Amino acid sequence: MSAIQFKGVSFSYDGKTNILEDTNFTAEYGEVTLLSGHSGEGKSTLLYIVSGIIPNVNYGQLSGEVYVGGESIRGRKMGDICRKVGVVLQNADEQIIQKIVEDEIAFGCENLAFPPDKIQKQIEIVCDLMKLDPQWKCRTLSGGQKQRLITASTLAMGQRIVILDEPLANLDKDGAKLLMGTLRSLAKAGYCVVVIEHRLDMVLPYVDTVWHIGNKAVKKVGDKAAYLQAQTAKIEDGCPVFAGTEPLFALDKVAFSVKKERRILKEVTLDIPKGSRTVLLGENGCGKTTLLRLIARLYKPTSGKITQYIDEKFKQKPKGSRAWFKKVGVVYQNPDYQLFMPTVRQEVCFGAKSEAYAAEVAELFGVKHLWERHPQSLSEGQKRRVSIAAVAACAPEVLLLDEPTVGQDYDGLCRMVEVLNELHKQTGNTMVTITHDVRCAEALCDVAFLIEGGVAARAGGKELVRDYFSA
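Residues numbered from 1 in each chain as written. Predicted model: local features only at pLDDT ≥ 70, side-chain atom pairs only at ≥ 80, totals over all residues. Heavy atoms only, no water.

Undergrad: How do you make sense of the overall build of the protein chain when you look at a structure like this?
TA: When helices and strands are tallied, the protein chain shows 17 helices and 19 strands. The C-alpha atoms of the protein chain give 22 Å as radius of gyration, which agrees with the globular expectation for 471 residues (23 Å, within 12%). Long-range contacts, defined here as pairs at least 24 residues apart, represent 71% of the contacts in the protein chain between residues at least 6 apart. When the accessible surface of the protein chain is summed, it comes to about 20000 Å², and 50% of that surface belongs to carbon and sulfur atoms. Across the protein chain, 60 positive and 57 negative side-chain charges occur, with their mean positions spaced 4 Å apart. (Helix = DSSP H or I, 4+ residues; strand = E, 2+ residues; numbered from the N terminus. Rg over C-alpha atoms; globule rule 2.2 N^0.38 Å. Contact = heavy atoms within 4.5 Å. Areas by Shrake-Rupley, 256 points an atom, 1.4 Å probe, with all protein chains shown as cover. Lys, Arg positive; Asp, Glu negative; His and termini not counted. Charge placed at Lys NZ, Arg CZ, Asp CG, Glu CD.)

Undergrad: It is not clear to me how the sheet that holds strand 15 (residues 328–331) should be interpreted in this structure. Could you clarify?
TA: Paired through their backbone hydrogen bonds, the strands of a sheet run either parallel or antiparallel. A sheet is described by the order of its strands in space; here six strands give the open sequence 15-16-17-13-18-19, paired in mixed fashion. Among the strands making up the open sheet, the edge pair consists of strand 15 and strand 19 (455–460). Strand-to-strand twist across the sheet, computed as the mean angle between neighbouring axes with direction ignored, equals 20 degrees. Packing of helix 14 (residues 380–392) onto the sheet brings it into contact with strand 15 and strand 16 (398–402), and relative to strand 15 it is tilted by some 175 degrees. (Pairing = 2+ DSSP bridges. Axes fitted to C-alpha atoms, helices over the stretch in contact; angles between N-to-C directions.)

Undergrad: What is the right way to read the packing of aromatic side chains from this model?
TA: Pairs of aromatic rings are described using the distance from one ring centre to the other and the angle between the two planes. Under the definition given, this model contains seven aromatic pairs. Note on Phe 6 and Phe 25: the rings are 5.9 Å apart at their centroids and 90 degrees apart in plane angle, and the pair reads as edge-to-face. Of the two residues, Phe 6 is situated in strand 1 (residues 4–12) and Phe 25 in strand 2 (residues 18–27); the sequence distance between them amounts to 19 residues. Each member of the pair, Phe 6 as well as Phe 25, is classed as buried. Here the aromatic rings of Phe 11 and Tyr 13 are separated by 4.7 Å at their centres, their planes lie at 85 degrees, and the arrangement is edge-to-face. On the accessibility criterion, Phe 11 (0% relative accessible area) is buried. Members of the aromatic cluster, joined through ring pairs, are Phe 6, Phe 25 and Trp 211. Positioned over the ring face of Phe 114 is Lys 118, at 4.3 Å from the centre of the ring. (Phe/Tyr/Trp six-rings, centres within 6.5 Å; stacked < 30°, edge-to-face > 60°. Buried < 20%, exposed > 50% of the residue type's maximum accessible area, 1.4 Å probe, protein only. Lys NZ or Arg CZ within 6 Å of the ring centre and 35° of its normal.)

Undergrad: Looking at this structure, I do not really get the sheet that holds strand 2. What am I missing?
TA: Pairing is antiparallel in the open sheet, where four strands are placed in the order 2-1-4-5. Every interior strand has two partners, whereas the edge strands, strand 2 and strand 5 (71–72), have only one. In terms of strand pairing, strand 1 meets strand 4 (residues 61–68) through seven bridges, oriented antiparallel. Counterpart to Phe 6 in the pairing with strand 4 is Val 66.

Undergrad: Any chance you could explain the pairing of strand 10 (residues 217–220) here in plain terms?
TA: Consecutive side chains of a regular strand alternate in pointing toward one face of the sheet and then the other. Bridge count between strand 9 (residues 209–214) and strand 10: four bridges; the pairing is antiparallel. Bridge pairing in strand 10 links Ile 213 to Val 218. Joining the antiparallel neighbours strand 9 and strand 10 is a turn of two residues, in which Asn 215 adopts a positive phi near 55 degrees.

Undergrad: Sorry, what's going on with the pattern of salt bridges here?
TA: Side chains bearing opposite charge may pair, as long as their charged atoms lie close to each other. Applying the stated criterion across every chain, the model contains 18 salt bridges. Here Lys 84 ties to Glu 71 by a salt bridge, and the two come within 3.1 Å at their closest N and O atoms. Here the residue Lys 84 occupies a position in the loop between helix 3 (78–81) and strand 6 (85–88), and Glu 71 occupies one in strand 5, the gap between them amounting to 13 residues. Using a relative accessible area of 27% as the deciding quantity, one classes Lys 84 as partly exposed. The exposure class of Glu 71 is partly exposed, given its relative accessible area of 40%. Through salt bridges with shared partners, one network takes in Asp 237, Arg 277, Asp 446 and Lys 462. (Salt bridge = Lys/Arg side-chain N within 4 Å of Asp/Glu carboxyl O.)

Undergrad: Before we go on, may I ask you to explain the environment of Val 328 in this structure?
TA: Relative to the helices and strands, Val 328 resides in strand 15. The sequence separation of Val 328 and Val 398 amounts to 70 residues, and the corresponding C-alpha distance is 4.7 Å. When near neighbours in sequence (up to four residues on either side) are disregarded, Val 328 contacts Ala 296, Ile 310, Pro 396, Val 398 and Leu 400.

Now the structure itself:
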């Protein structure tokens, strides 16, 4: 008996255009199954169907038969299906509702009517598995720690079928290995694990079966190794060798704490050269995003000093202003935080130097064909490209990118790196990037800093990136 089986399944959100068409798909108990394919091709839609989100929450026209645990889910309530299927969605913030880690993990178990002693045991087990402190406050967690938390919350409920949508998106290399090793162990224990993921280099050693989704269909991949190897090559750097030394930002013993409860950065001292492409490396929770926000003037340092050499008029103003953010563009880790207009066109044109330039940038990032779509109706990968295009269209002197490649298939990843580097060459901007993706880190790097123990522990160039990801 297959854990999940699709027989001739078709689905359309609007009743006109099929996302899936006469699709057949299976996932077995005792295996880790990978579902891969281009952004926006229907991977998340398949997950929504299996979990009952479609048609119970998201509506559309669904036909064909879907079996979960050997039983048809036709007409079944989502609550009944979720007793069999655990789901980890792409956007961690959309799943976290409690203030404390242990309360978040307990919430799902309580909904399944677990007794208190079992809930406590599950909290201890999954916190140990995912390297979480039960007393951590959810709002202070990094993107990667939030990803581990929603995974822990799902695993604690103990469903024998677990589906994870881009679970490695914001995880560092050690966190990715930890999660995939845990999922591999679950499969050996008889679970059905389905992973929807673009970081194929990280899932390769752990996967039993690969399915590719594209052109409205799902097909089983015969030569798994060849398929994965074709999409895990490192991306070449198209920019000339950087030789600048003049600093644009100088950080001197910069520290940051959250209400004296948690010290995130201790004494960060580093210079970001003008016109460089700087990459920030480090494990989840080390303070990379905090450092980026301090540079952007979204946060104020607890102590220490950040000196900017963009413009004299900003030197006496520690907070960001409209004029400041015209020069300093910030792309958040979660695109939902900065997509607020009713169409992609309005989003990209909002702060652009001209509508013609906005259209040109949208074409470069591959979102021009989505011009009249609502940004929140897009896939996570498409949202990411729209959010970057909207900031890039403003032609800022500084571009701060927090995990810009999340949600991108390999072709999209290659294209995004190419476009970012091309814009860098055209404008001479200073680019600071946080990334956990080994495939593109070197191609976006002139200068690199490793953030560790609350300080800039190491500085270098591409060789530091290679050392970090090969360690």
